[in-house]
Amino acid sequence: MNPLADLYQELVIDHSKRPRNFGGLEAPCESRQGYNPLCGDRLRLDVRVKDGKVEAISFVGEGCAISQASASLMTEAVKGLTVEQARNLFSRMHLLFTEGDASVPTEELGKLSALSGVWEFPSRVKCASLAWHTLRSALEDDGDPSEPAVTE
Ligand code: ZN
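Residues numbered from 1 in each chain as written. Predicted model: local features only at pLDDT ≥ 70, side-chain atom pairs only at ≥ 80, totals over all residues. Heavy atoms only, no water.

## Quick look at the packing of helix 3 (residues 65-78) against helix 5 (residues 122-139)
Short version of the rule: Throughout, an axis means a line fitted to C-alpha atoms (over the contacting stretch in the case of helices), and angles, computed between N-to-C directions, take values from 0 to 180 degrees. Secondary structure elements follow DSSP: runs of H or I no shorter than four residues count as helices, runs of E no shorter than two count as strands, and numbering proceeds from the N terminus. Should the near helix be turned anticlockwise from the far one by less than a right angle, the crossing is termed left-handed; should it be turned clockwise, right-handed. In this description, contact between two residues means that some pair of their heavy atoms is separated by no more than 4.5 Å. Polarity classes work like this: nonpolar for Ala, Val, Leu, Ile, Met, Phe, Trp, Tyr, Cys and Pro, charged for Asp, Glu, Lys and Arg, and polar for all others, with Gly in that last group.
One way to put it is that helix 3 packs onto helix 5 with a least axis distance of 8 Å and a crossing angle of 35°. Both helix 3 and helix 5 take part in a crossing whose hand is right-handed. Across the interface between the two elements, I66, S67, S70, A71, M74 and V78 from helix 3 touch R124, C127, A128, A131, W132 and L135 from helix 5. For the contact of helix 3 with helix 5, the residue count by class is nine nonpolar, two polar and one charged.

What follows is the structure in structure tokens.
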């Protein structure tokens, strides 16, 4: 069996064809661009935070199926979380993409575990992690000099 098939399982295909939370927000608190030059994936992530929670989140963009599906799945997962929870989720997904599913219990990730096969394909890791790095950048405290997102 072609292991790449795992990457394109049903959930990923569904989210890439019909991305959720797509279209952008009218009044975002934060708006960040993300770009993956290796594949050409682009997205803009709009986030509205209220009372420490991600009240609304939406993206626009274009790119490969993995990048779109990951962004769609990310917005679904993050909506309603506190900023702290969203940052923690970024850390876990980052670990999943770079270290693999032995590092992160995928049963705790729900739908996001659909992305758990990505780490075996280094060329696709940046596609999958683009939305997450952009999220991290959007949720950073102002003035935080942390490493930059995968942005231009
Ligand atoms: Zn891509």
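## Points about the coordination of the zinc ion
Selection rule: For Na, K and Ca the donor cut-off is 3.2 Å, and for all other metals it is 2.8 Å, counting N, O and S atoms only; because water is absent from this set, sites may look incomplete. A simple rule labels every residue: compare its accessible area, found with a 1.4 Å probe on the protein chains alone, to the largest value its type can have, and call it buried under 20%, exposed over 50%, or partly exposed in between.
Distances from the zinc ion to its protein donors, C39 (SG), D41 (OD), D41 (OD), C64 (SG) and C127 (SG), fall at 2.2 to 2.7 Å. Within one chain, the residues donating to the zinc ion are spaced in sequence as C-x1-D-x22-C-x62-C. Pair noted here: C64 is in the loop between strand 3 (53-62) and helix 3 and C127 is in helix 5, with a separation of 63 residues, a long-range link. In this pair, the class of C64 matches that of C127, namely buried.

## Describing the pattern of salt bridges
Pairing is possible between side chains of opposite charge, provided their charged atoms come close. Using the following cut-off: Basic side-chain nitrogens of Lys or Arg form a salt bridge, by our definition, when they fall within 4 Å of a carboxyl oxygen of Asp or Glu.
Considering all chains together, one arrives at seven salt bridges under this definition. With a shortest N-O distance of 2.8 Å, E30 and R32 are connected by a salt bridge. The class for R32 is partly exposed, based on a relative accessible area of 23%. Ionic pairing is found between E76 and K111, a salt bridge with its closest N-O pair at 3.3 Å.

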